[in-house]
Amino acid sequence: MKTLDLATTSLREINQALHDQAKECTEREWKITGAKGDHNIACGLDAALSVDIEGHAGYYCAGMNKKAHVVIHGNAGQGVAENMMSGTVRVKGQASQSAGATAHGGLLVIEGDAGARCGISMKGVEIVVGGSVGHMSCFMGQAGALVVCGDAGDALGDSLYETKIFVKGSVSSLGADCIEKEMRQEHLDYLADLLNRAGIDEDPASFKRYGSARQLYNFKVDNVSAY
Amino acid sequence: MSEKDPYTQTGLRESATFDKNTMAEIRRAAETGIYDIRGFGAKRKVPHFDDLLFLGASMSRYPLEGYREKCNTQVTLGTRFAKKPIVIETPVTIAGMSFGALSANAKEALGRGASEVGTSTTTGDGGMTPEERGQSTKLVYQYLPSRYGMNPDDLRKADAIEVVLGQGAKPGGGGMLLGQKITDRVAKMRTLPMGVDQRSACRHPDWTGPDDLAIKIQELREITDWQVPIYIKVGATRTYYDVKLAVKAGADVIVVDGMQGGTAATQEVFIEHVGIPTMAAIPQAVQALQEMGMHRKVQLIVSGGIRNGADVAKCMALGADAVAIGTAALIALGDNHPQWEDEYKKLGSGAGFYDDYQEGKDPAGISTQDPELSKRLDPVKAGHRLANYLRVLTMEAQTLARACGKNDLRNLEPEDLVALNVEAAAMARVPLAGTSWIPGQNGGY
């Protein structure tokens, strides 16, 4: 394992060292120490690395991640794992707003709570939140799945496309065109598998499923109040 | 009475307030219950570059010899932070237009035309296609609120990244692509169901203000190892403040798109009633850059209603480093061409009037995803037409610059311009012709 300390090494040098692994992988296991809310740590990774970040991360940690397995041993700021393509990102603490925003793939696990707009415009990522999520989570979610083991704030799944949402606790309110849907066996099986991969011990049967009513997919005068 | 032409008959007077177009729109709204959506740009007349004139050299200025003395047109964009700035041979670039809004052939033609003359073209809301990347030697990759198709591989393939905050046709609004154009390929690139009416977000999903944007730009630089320039594009509204904030956020290049700028689809009320004219935006942007000591260090690209070399030269004289064209480029490809007159009429339009880009039925094969219509546009021939047009724009701008005694388009300056009317003088901040009076500024006669 190679260790880099943010107290003595610049962010640019650290990210460049990680990016260089995409050309020739010389070290798979990395530890980044001394994180005190620094922004853009380990963004743009493109190799099957294991990266442990000790401390709290600022904005866009592991942004656009491909292939790498990143663990933040603290809290994460805005936009953690934004636009992730593949790999996994795990936040041991809490995550700020827009976690997993627009992410196309991979698995994002937030063991604590996530702030507002968790999974906004998500495009295929799987997000599992051990705690609760804030308002407008999964806004315009296009694909993938959001699992919330706690509660969800206002306007969950507003203007939803095809993202699947599972919530164990209460939902403060559903957004436009988001409805509760029947939890069939295929969904229970999928959720069990996803929780297992996320390392979260919950009973799939205790969740409710939400999805798009698909009533706003095309402009209709009758829906004017929802626009 | 009935045999007379009602439009020329004395005593019949059309209302200036409720003219025929206004009445038609009221009837359309009453019948459909939904706002009018269309493409193209603002059609109303606003103060524009035609209201400015150049002061050619005579006794007090020394002109350059046309065709013999050089007038440089090469511009380098992104010199502030990027390791690899973009060098363009003409300051006329191609603005962002999406695959989805345009056919793959049209996108390819734009790339071919731009590459033939050594300038850049730009992706749009919907990601980067292999055809476009393959045919564009200099490709700017747009980073939009929707992030459709956004991925780090394409980001690293780009020659520059343009963070789009807005566009002149609809500042404050997001993109729109109606279901008729969401074909299987477009849907897959955008991760959307086929046939859905796509409404892109108007705000970015993971940042909310200029301080956040500074961090976002740093992220994009980190992902691309600080190689390529980062542009910020804004629709022209509060341009002075927007440009200052964009510089503060770390932009290498700022793109200001005036209200005459085009769109593939949005509400007509948006196109005609939001934003300020391109000519009014440039002095605001230049003032902001100059006050920060960043004019020419952060390059300024201007777009919105640029049609000829005079418009290009006037933008440069007001302080722009380059311009971008969208609508004019489509017309050069063949949009609204009279050869399709009969088909435009079948669509209830006509050559020169067609703006229903959102319907996907473009007879010219440009703003469509219909495979049969798309075939009508030969990307090689259309690309060459665009290249010809770009050459003409460049030569016309050079002609005017030489006449003003300038050996570089960027040496043109406001002092070379006068305005034909008070509105243009005030907006462009140049004197009314024959006077030294600039409205809003002290002195003059």
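Reading guide: rules and limits
- Residues numbered from 1 in each chain as written.
- Chains lettered and ligands numbered in written order.
- Predicted model: local features only at pLDDT ≥ 70, side-chain atom pairs only at ≥ 80, totals over all residues.
- Helix = DSSP H or I, 4+ residues; strand = E, 2+ residues; numbered from the N terminus.
- Rg over C-alpha atoms; globule rule 2.2 N^0.38 Å.
- Buried ≥ 20, exposed ≤ 12 C-beta atoms within 10 Å, placed from the backbone.
- Contact = placed C-beta atoms within 7 Å.
- Expected span 1.5 Å × (residues − 1).
- Pairing = 2+ DSSP bridges.
- Axes fitted to C-alpha atoms, helices over the stretch in contact; angles between N-to-C directions.
- Parallel < 35°, antiparallel > 145°, perpendicular 65-115°, else oblique.
- Left-handed = near helix turned anticlockwise from the far one by under 90°.
- Nonpolar A, V, L, I, M, F, W, Y, C, P; charged D, E, K, R; others polar.
- Core = buried A, V, L, I, M, F, W, Y, C linked by C-beta atoms within 7 Å.

Peer 1: What should I look at first to understand the overall build of chain B in this one?
Peer 2: Per the secondary structure count, chain B includes 15 helices and 16 strands. Taken against the 2.2 N^0.38 rule, which gives 22 Å for 445 residues, the C-alpha radius of gyration of chain B at 22 Å falls within 12% of a compact globule. Over its C-alpha atoms, taken along the principal directions, chain B stretches across nearly 65 × 60 × 45 Å. Taken over 445 residues, chain B has a buried fraction of 56%. For chain B, the share of sequence-separated contacts (at least 6 apart) that also reach a separation of at least 24 residues comes to 67%.

Peer 1: I would appreciate a short explanation of helix 14 (residues 379-403) of chain B in the present structure.
Peer 2: Since the α-helix packs 3.6 residues into each turn, any two residues three or four apart lie on the same face. Its 25 residues give helix 14 of chain B an end-to-end C-alpha distance of 36 Å, which sits within 8% of 36 Å, the value for a rise of 1.5 Å per residue. Downstream of helix 14 of chain B by one or two residues, Gly405 of chain B has phi in the positive range, about 80°.

Peer 1: Which parts of the structure should I look at to understand the pairing of strand 6 (residues 107-110) of chain A?
Peer 2: When a strand is regular, its side chains alternate between the sheet's two faces. Residues and elements named next belong to chain A. Along strand 6, one buried face is formed by Leu107 and Val109 and the opposite face, lined by Leu108 and Ile110, is buried too. Pairing geometry for strand 5 (residues 88-91) and strand 6, over 4 bridges, is parallel. Looking at strand 6, one finds that Thr88 is bridged to Leu107. Bridge analysis of strand 6 against strand 7 (residues 123-129) gives 4 bridges, and the strand direction is parallel. Within strand 7, the position partnered with Ile110 by the bridge is Val129.

Peer 1: How do you make sense of the sheet that holds strand 5 (residues 92-94) of chain B when you look at a structure like this?
Peer 2: Residue and element names in this part refer to chain B. One open sheet accounts for 8 strands, arranged 5-15-14-12-11-8-7-6; its pairing is parallel. The sheet is open, and its two edges are formed by strand 5 and strand 6 (121-122), each paired on a single side. Across the face of the sheet, helix 6 (residues 210-223) comes into contact with strand 7 (139-143), strand 8 (160-164) and strand 11 (230-235) while running at roughly 145° to strand 11.

Peer 1: Where do I start with the interface of chain A and chain B in this structure?
Peer 2: One widely used convention gives an interface's size as the accessible area the parts lose upon coming together. Contact residues are listed per partner, giving 36 residues for chain A and 22 residues for chain B. Sort the elements by how many residues they give to the side of chain A that touches chain B and helix 1 (residues 11-20) of chain A lands first, with 3 residues.

Peer 1: Even after reading the chapter, I still don't get unusual backbone geometry, so can you show me in this structure?
Peer 2: Residue and element names in this part refer to chain A. Positioned with a positive phi, Ala42 is a non-glycine residue whose angle comes to about 55°. Along the chain, Ala42 turns up in the loop between strand 2 (29-38) and strand 3 (50-57). Take Ala42: there are 28 C-beta atoms within 10 Å of it, and that puts it in the buried class. We note that Ala62 has phi near 60°; this positive angle belongs to a residue other than glycine. When you line up the elements, Ala62 lands in the loop between strand 3 and strand 4 (69-73). Using a count of 32 C-beta atoms within 10 Å as the deciding quantity, one classes Ala62 as buried.

Peer 1: Can you walk me through the sheet that holds strand 3 of chain A in this structure?
Peer 2: Hydrogen bonds along the backbone pair up the strands of a sheet, which may run parallel or antiparallel. All names here are of chain A. Taking strand neighbours across the sheet as the criterion, the 11 strands line up as 1-2-3-4-5-6-7-8-9-11-10 in an open arrangement whose pairing is mixed. If you trace the sheet from one side to the other, it starts and ends with strand 1 (2-5) and strand 10 (178-181), each paired once. Mean inter-strand twist for the sheet, computed between neighbouring axes without regard to direction, equals 20°. Relative to strand 4, strand 3 runs parallel, the two sharing 5 bridges. Bridging across to strand 4, Ile53 finds its partner in Ile72. Packed onto the sheet, helix 1 meets strand 1, strand 2 and strand 3 and runs at close to 150° relative to strand 2.

Peer 1: Quick question: what am I supposed to make of helix 2 (residues 185-198) of chain A here?
Peer 2: Look at helix 2 of chain A: 20 Å from first C-alpha to last across 14 residues, which is about the 20 Å you get at 1.5 Å a residue. Looking one or two residues beyond helix 2 of chain A, the residue adopting positive phi is Gly199 of chain A, at roughly 70°.

Peer 1: Please clarify how the packing of helix 2 (residues 104-116) of chain B against helix 14 of chain B should be interpreted in this entry.
Peer 2: To describe two helices that pack against each other, one gives the angle between their axes and the distance between the axes. Residue and element names in this part refer to chain B. For the pair helix 2 and helix 14, the least separation of the axes is 7 Å and the interaxial angle reads 45°. Considering the angle they form, helix 2 stands oblique to helix 14. Every pair of crossing elements has a handedness; the one defined by helix 2 and helix 14 is right-handed. Residues Asn105, Glu108, Ala109, Leu110, Arg112, Gly113 and Glu116 of helix 2 form the contact with helix 14, whose participating residues are Pro379, Val380, Ala382, Gly383, His384, Leu386, Ala387 and Leu390. Looking at the contact of helix 2 with helix 14, its residues break down into 8 nonpolar, 4 polar and 3 charged.

Peer 1: What is the right way to look at the environment of Ala81 of chain A in this model?
Peer 2: Residue and element names in this part refer to chain A. Tracing the backbone through its elements, the reader meets Ala81 in the loop between strand 4 and strand 5. Considered as a pair, Ala81 and Glu126 are 45 residues apart in the sequence and their alpha carbons are 11 Å apart. When neighbours within four sequence positions are excluded, Ala81 is seen to be in contact with Ala62, Gly63, Asn65, Val89, Ala99, Gly100, Ala103 and Leu108.

Peer 1: What's the story with the nonpolar core in this structure? I'm lost.
Peer 2: What tends to happen in soluble globular proteins is that the nonpolar side chains get buried as a cluster. Residues Ala42, Leu108 and Val147 of chain A together with Ile254 and Val323 of chain B are the most contacted members of the largest nonpolar core, which totals 198 residues. No other element matches helix 14 of chain B, which puts 9 residues into this core. Setting aside chain neighbours within four positions, we find Ile254 of chain B in contact with Ile232, Val243, Ala246, Ala285, Val298 and Leu300 of chain B.

Peer 1: Even after reading the chapter, I still don't get the pairing of strand 11 (residues 208-212) of chain A, so can you show me in this structure?
Peer 2: Residue and element names in this part refer to chain A. Here strand 9 (residues 164-167) runs beside strand 11; their pairing, made up of 3 bridges, is antiparallel. Residue pairing in the sheet places Phe166 in a bridge with Arg209 of strand 11. Both strand 10 and strand 11 contribute to a ladder of 4 bridges, which runs antiparallel. Of the residues in strand 11, the one forming a bridge with Cys178 is Ser212.

Peer 1: What am I meant to see in the packing of helix 7 (residues 239-249) of chain B against helix 9 (residues 278-291) of chain B here?
Peer 2: Residue and element names in this part refer to chain B. For the pair helix 7 and helix 9, the least separation of the axes is 8 Å and the interaxial angle reads 40°. As summarised for this structure, helix 7 and helix 9 are arranged oblique, according to the angle between their axes. Crossing geometry of helix 7 relative to helix 9 is assigned as right-handed. Note on element contacts: helix 9 touches helix 7 through Ala281, Gln284, Ala285, Gln287, Ala288 and Leu289, opposite Thr239, Tyr240, Val243, Lys244 and Val247. The class makeup of the residues in the contact of helix 7 with helix 9 is 7 nonpolar, 3 polar and 1 charged.

Structural measurements only, silent on function.
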